[in-house]
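Here are the chains, one letter per residue:
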Amino acid sequence: MKGEFVLTFFGVRGSYPVPGNMTRRYGGNTSSLLLEAGGRSVILDAGTGIIQAGRRLSTRRGTRRPIHIFLTHLHSDHIMGLPFFAPMFDPKAEIVLHYPESRGSGSRQALEALFLPPYSPITLQGIKARLRFEPLAARNGAAVIDLGAGLEVAHARHDSHPRLGVLIYRVRFAGGRLVYATDVESPAGFSGAIHDFIAGADLLVHDAQYSEMDYFGGGAPGAGEAARWPAGSRRGFGHSTVSMAARNAAACRVKRLYLFHYDPRYSDGQLDEMLALARREFRRTFLAQEGKSITIRR
Ligand SMILES: [Zn+2]
Ligand SMILES: [Zn+2]
């Protein structure tokens, strides 16, 4: 419908895929979201979830428009689905791959390597779609990308994720705004620039990899740095706790928060418990769930 956009989660896990009974309800695939608006398709991250998104897009008829894929960073859980993305092998498809590039990081070569021996037998000739690589300056203040029909994508850089940081994306359509902030860690909240970038979003998808207990290593805060951060602490891993996500959502005054990028060791039941805790700090919190679609209306 005109003026609305639809987000579908195809992969909600962090780190590595976890199929099986413990993850049946919320899903075991790694990061990938599909946004559909104004007849256009935008994919955020290309973890194993993108495989199912590709199947969905392959069955679509009607006008063929480019599929825009935006990558937050190149860790394997965010790119490992690319060689299995069905539109790559469709000669009628056009794919634009937007990715962070900082000087000397060789991102394009790293992405192409996914299709080359020894990782894959496909080779670049085996890609049948028209594939375009679009490097994004890994800095703030870069131009907004206009995808037509009023659909716009902006990005901001966040440095907490080792070692090259990530891009946070903001997608606008018909006055609605969605922000995708995964693989971020902000124990003291977001900086002013990132806060302003997110402020007032209709929907915030935010990293919530850890429970507070796991993040802090199960230790009670004590005197001195060593006592405060016991062995096993996940501090500095570049991921958030549910509480960090909830506090950022409240500080940025977003309308809805979706927790995302769950640690692969957590069962569905543990995620339910984490949701209950997050709702104490930000009431309109939900769990990202594989296969679930959300409509954003203005
Ligand atoms: Zn990740
Ligand atoms: Zn990562």
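Not measured: the values here are computed from a predicted model.

Conventions we followed
- Residues numbered from 1 in each chain as written.
- Chains lettered and ligands numbered in written order.
- Predicted model: local features only at pLDDT ≥ 70, side-chain atom pairs only at ≥ 80, totals over all residues.
- Heavy atoms only, no water.
- Phe/Tyr/Trp six-rings, centres within 6.5 Å; stacked < 30°, edge-to-face > 60°.
- Helix = DSSP H or I, 4+ residues; strand = E, 2+ residues; numbered from the N terminus.
- Buried < 20%, exposed > 50% of the residue type's maximum accessible area, 1.4 Å probe, protein only.
- Lys NZ or Arg CZ within 6 Å of the ring centre and 35° of its normal.
- Pairing = 2+ DSSP bridges.
- Axes fitted to C-alpha atoms, helices over the stretch in contact; angles between N-to-C directions.
- Donors = N, O, S within 2.8 Å, 3.2 Å for Na, K, Ca; no water.
- Tetrahedral: all angles 85-135°; square planar, octahedral: opposite > 155°, others 65-115°.
- Polar contact = N/O pair within 3.5 Å; in protein donor to acceptor, adjacent residues only side chain to side chain.
- Core = buried A, V, L, I, M, F, W, Y, C linked by side-chain atoms within 4.5 Å.
- Contact = heavy atoms within 4.5 Å.

Let us look at the packing of aromatic side chains. Within this structure, the stated rule accounts for eight aromatic pairs. Geometrically, the ring pair formed by Phe-9 and Phe-260 is tilted, given 6.2 Å between the ring centres and 35 degrees between the ring planes. Placement of Phe-9 in strand E1 (residues 4-11) and of Phe-260 in strand E12 (residues 256-260) is noted, with a sequence separation of 251 residues between them. Classification of Phe-9 as buried rests on a relative accessible area of 0%. Taking 5.5 Å as the distance between ring centres and 75 degrees as the angle between the ring planes, the aromatic pair formed by Tyr-180 and Phe-260 counts as edge-to-face. Of the two residues, Tyr-180 is situated in strand E10 (residues 176-181) and Phe-260 in strand E12; the sequence distance between them amounts to 80 residues. Per residue, the accessibility class of Tyr-180 equals that of Phe-260, and both read buried. Each residue in the set Phe-9, Tyr-180, Tyr-258, Phe-260 and Phe-286 is aromatic and connected to the rest through ring pairs, giving one cluster. Looking at Arg-170, its charged tip hangs above the ring of Phe-197, at a distance of 4.4 Å from the centre.

The seven strands lie next to each other as E6-E5-E4-E3-E2-E1-E14, forming an open sheet whose pairing is mixed. Because the sheet does not close on itself, it has two edges, and the strands there are strand E6 (130-137) and strand E14 (293-297). Between one strand and the next, the sheet's axes are offset by a mean angle of 20 degrees, whatever the strand orientation. Of the pairings in the sheet, the one linking strand E5 (residues 94-101) to E6 comprises eight bridges and is parallel in character. Each bridged residue has a counterpart across the sheet, and for Glu-94 the counterpart in E6 is Arg-130.

This part takes up the pairing of strand E4 (residues 67-70). Burial of the side chains of E4 extends over both faces: Ile-67 and Ile-69 are buried on one face and His-68 and Phe-70 on the other. The pairing of strand E3 (residues 40-44) with E4 spans four bridges and is classified as parallel. Bridge pairing in E4 links Ser-41 to Ile-67. Sheet topology note: the E4/E5 ladder contains four bridges and is parallel. Residue Phe-70 lies in a different strand from E5, and its bridge partner there is His-98.

Taken in spatial order, the seven strands of this open sheet run E7-E8-E9-E10-E11-E12-E13, and their pairing is mixed. Looking at the sheet topology across the chains shown, the edges are occupied by strand E7 (145-146) and strand E13 (285-287). Examined bridge by bridge, strand E9 (residues 166-173) and E10 share five bridges and lie antiparallel to one another. Each bridged residue has a counterpart across the sheet, and for Arg-172 the counterpart in E10 is Arg-177.

The next subject is the coordination of the zinc ion (ligand 2). Bound to the zinc ion (ligand 2) are the protein donor atoms His-73 (NE2), His-75 (ND1), His-161 (NE2) and Asp-183 (OD), situated 2.1 to 2.5 Å from the metal. Taken together, the four donor atoms coordinating the zinc ion (ligand 2) and their angles of 87 to 177 degrees define a geometry best described as irregular. Sequence spacing of the donor residues for the zinc ion (ligand 2), all on one chain, is H-x1-H-x85-H-x21-D. Between the zinc ion (ligand 2) and the zinc ion (ligand 1) the interatomic distance amounts to 3.4 Å, and Asp-183 serves as a bridging ligand to the pair. In this pair, His-75 is assigned in the loop between E4 and E5 and His-161 in the loop between strand E8 (152-158) and E9, connecting sequence segments 86 residues apart. Taking relative accessible area as the criterion, His-75 reaches 32% and is therefore assigned partly exposed. On the basis of relative accessibility, which here comes to 3%, the residue His-161 falls in the buried class.

Right, let's talk about the environment of Thr-59 for a bit. Mapped onto the secondary structure, Thr-59 falls in the loop between helix H1 (49-58) and E4. Take Thr-59: its relative accessible area is 58%, and that puts it in the exposed class. A polar contact is formed between the side chain of Thr-59 and the backbone oxygen of Arg-56, at a distance of 2.7 Å.

In this section: the nonpolar core. Grouped together as the largest cluster of nonpolar side chains are 62 residues, with contacts concentrated most on Phe-9 and Leu-178. The element contributing the most residues to this core is E9, with six residues. Of all hydrophobic cores here, the second largest spans 24 residues; its members include Ile-43, Ile-50, Phe-115 and Ala-129.

This paragraph deals with the environment of Val-242. Following the sequence through the fold, Val-242 ends up in helix H6 (residues 242-251). Looking at Val-242, the relative accessible area reads 3%, which means it is buried. In contact with Val-242, not counting residues within four places along its chain, are Ala-208, Tyr-210, Glu-212, Leu-259, Met-274 and Ala-278.

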